[in-house]
Amino acid sequence: MAVWLSVALSSTPADAADALCPDAELWSGKLITDICWGCLFPIRLAGGVLDFRSPQSKDSIGDDLIPTAATSKVFCVCDDKDLIPKVGMTMGYWGPARVVELVPNPWCAPTLGGTKINSSTVRLWGGSSPVNYDTDETVFVNYHYYAFPIYVMLDLFWEDRCFADGYKDFDLMYISELDPTWNNDELAFFTNPEVVLFANPVALAACAADAISASAGKPIDEMFWCAGAWGGIYPLSGHTHPGEGIAPRQTSLLLTRATAALHRRGLAHKTVGDAQVCGGTISPFIPKSQYATTMFYPVADTDAKHAIGESDLLWGAGHSYPGAGENHVYILWRFTDCCLF
């Protein structure tokens, strides 16, 4: 909670009253009421599946499916803290790993009570263009990426091997306003030069297959340049094509791009598969199937999570409105395979 305290102390009353920077009320009763606690399930334990949800609470299109790459082994062998190999049993579970806020108002932090982290706005304002649907119009928003291991914070799980990146508290990990590649497509090219292969109509047309599969709860990891029905992941910048205002499809796509960019820089881990049961590994391309999202603000998704690329026609209606409602806060869920001693 150190980040929250330091930011709160540095903010001014004018910042807190900014009508364009709403309070998402994460640190309130909504922490209990507006999180999809049932999205923990199903759990894979020793090769078997545990799911205690009622049939009515399960998503009808396969949101609750375990990633195809998840381990199906019963037993595992990992080194303990003394580097002595020990035999355990495997466990795989869905857990909230990150909170990601996407904001047109630079430095605005709805997650931190509507605080402005900084007062500078030079070249950082976002928003959407008037919608005439020509090639010159884009949407641009900034993002803030927080560690959010809520299960650890609530002492629901305690095994170190089940937390690949070591984060055990709420923490601010990344701010796009400080990243020159986020608001400049040309600079972003130098961090991911493969964009020349995939940011074209032919490669994007192939994303139709990923869109269909993702909308059934199974994004195709091999199509790492696609975010299903949301669009193409490349370039890894904050610009995308407009809709009417800032819609969940656009912010979901930019959330995916942000996560893909962090994977490329070695700041995010792959946590699914036989090789990951003893700890996460660096993956330069985003393993989409290990992630899912729920919106927290302005409209909370409390019944089901959404696969990366799942069509917003299935879940996004009424999830945005002009003004404060164009600041979107998501919980990023991550499936983790680990070894229990």
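Residues numbered from 1 in each chain as written. Predicted model: local features only at pLDDT ≥ 70, side-chain atom pairs only at ≥ 80, totals over all residues. Heavy atoms only, no water.

Colleague: I keep staring at the pattern of salt bridges and nothing clicks. Help me out?
Modeller: When the charged atoms of two side chains lie near each other, side chains of opposite charge can form a pair. For the coordinates displayed, the defined rule picks out six salt bridges. The partner of Asp 210 in a salt bridge is Lys 288, and the shortest N-O contact between them spans 2.9 Å. Remark: Lys 288 occurs in the loop between strand S13 (281–282) and strand S14 (291–297) and Asp 210 occurs in helix H8 (residues 207–215); sequence separation between them is 78 residues. The same class applies to Asp 210 and to Lys 288, which are both buried. Here the salt bridges share partners, and the residues they tie into one network are Arg 98, Asp 165 and Arg 334. (Salt bridge = Lys/Arg side-chain N within 4 Å of Asp/Glu carboxyl O. Helix = DSSP H or I, 4+ residues; strand = E, 2+ residues; numbered from the N terminus. Buried < 20%, exposed > 50% of the residue type's maximum accessible area, 1.4 Å probe, protein only.)

Colleague: Would you take a moment to explain the layout of surface pockets for this structure?
Modeller: One water molecule sets the probe size; rolling that probe over the atoms shows where empty space is left. Within this model, the largest pocket holds a volume of roughly 340 Å³. Put simply, the parts of the chain that give the lining of the largest pocket at least two residues each are strand S11 (239–240) and helix H9 (248–264). Classifying every residue of the lining of the largest pocket gives seven nonpolar, seven polar and three charged. (1 Å grid on protein atoms, 1.4 Å probe; cavity = no way out; pocket = protein on both sides within 12 Å on 5 of 7 lines; lining within 4 Å. Points joined across faces, edges and corners; volume = space filled by probe spheres on them. Nonpolar A, V, L, I, M, F, W, Y, C, P; charged D, E, K, R; others polar.)

Colleague: Got a minute to help me understand the side chain of Thr 181 in this structure?
Modeller: Of note, Thr 181 is situated in the loop between strand S10 (171–175) and helix H5 (185–189). Separated by 2.7 Å, the side chains of Thr 181 and Asp 179 make a polar contact. Within polar-contact distance, the side chain of Thr 181 engages the side chain of Arg 265 at 3.0 Å. In this structure Thr 181 touches Leu 187, Ala 188, Thr 191, Leu 236, Ser 237 and Arg 265, once residues within four positions along its chain are discounted. (Polar contact = N/O pair within 3.5 Å; in protein donor to acceptor, adjacent residues only side chain to side chain. Contact = heavy atoms within 4.5 Å.)

Colleague: Explanation requested: the nonpolar core in the structure shown.
Modeller: Side chains that are nonpolar tend, in soluble globular proteins, to be buried together. One finds Leu 102, Tyr 143, Tyr 145, Trp 225 and Tyr 234 to be the most contacted residues of the largest nonpolar core, which totals 38 residues. Taken together, the elements giving at least two residues each to this core come down to strand S4 (85–103), strand S8 (139–140), strand S9 (142–147), helix H6 (195–198), H9, S14 and strand S16 (328–340). Ignoring any residue separated from it by four or fewer positions in sequence, one finds Leu 102 in contact with Val 141, Asn 142, Tyr 143, Thr 251, Leu 254, Leu 255, Glu 326, Asn 327, His 328 and Tyr 330. Leu 26, Ile 35, Phe 41 and Val 99 belong to the second-largest nonpolar core, a separate cluster that totals 35 residues. (Core = buried A, V, L, I, M, F, W, Y, C linked by side-chain atoms within 4.5 Å.)

Colleague: Got a minute to help me understand the environment of Lys 218 in this structure?
Modeller: Note on placement: Lys 218 falls in the loop between H8 and S11. In terms of polar contacts, Lys 218 uses its side chain to reach the backbone carbonyl oxygen of Ile 66, at 2.6 Å. A polar atom in the side chain of Lys 218 sits 3.4 Å from the side chain of Thr 68.

Keep in mind these values describe shape, not function.
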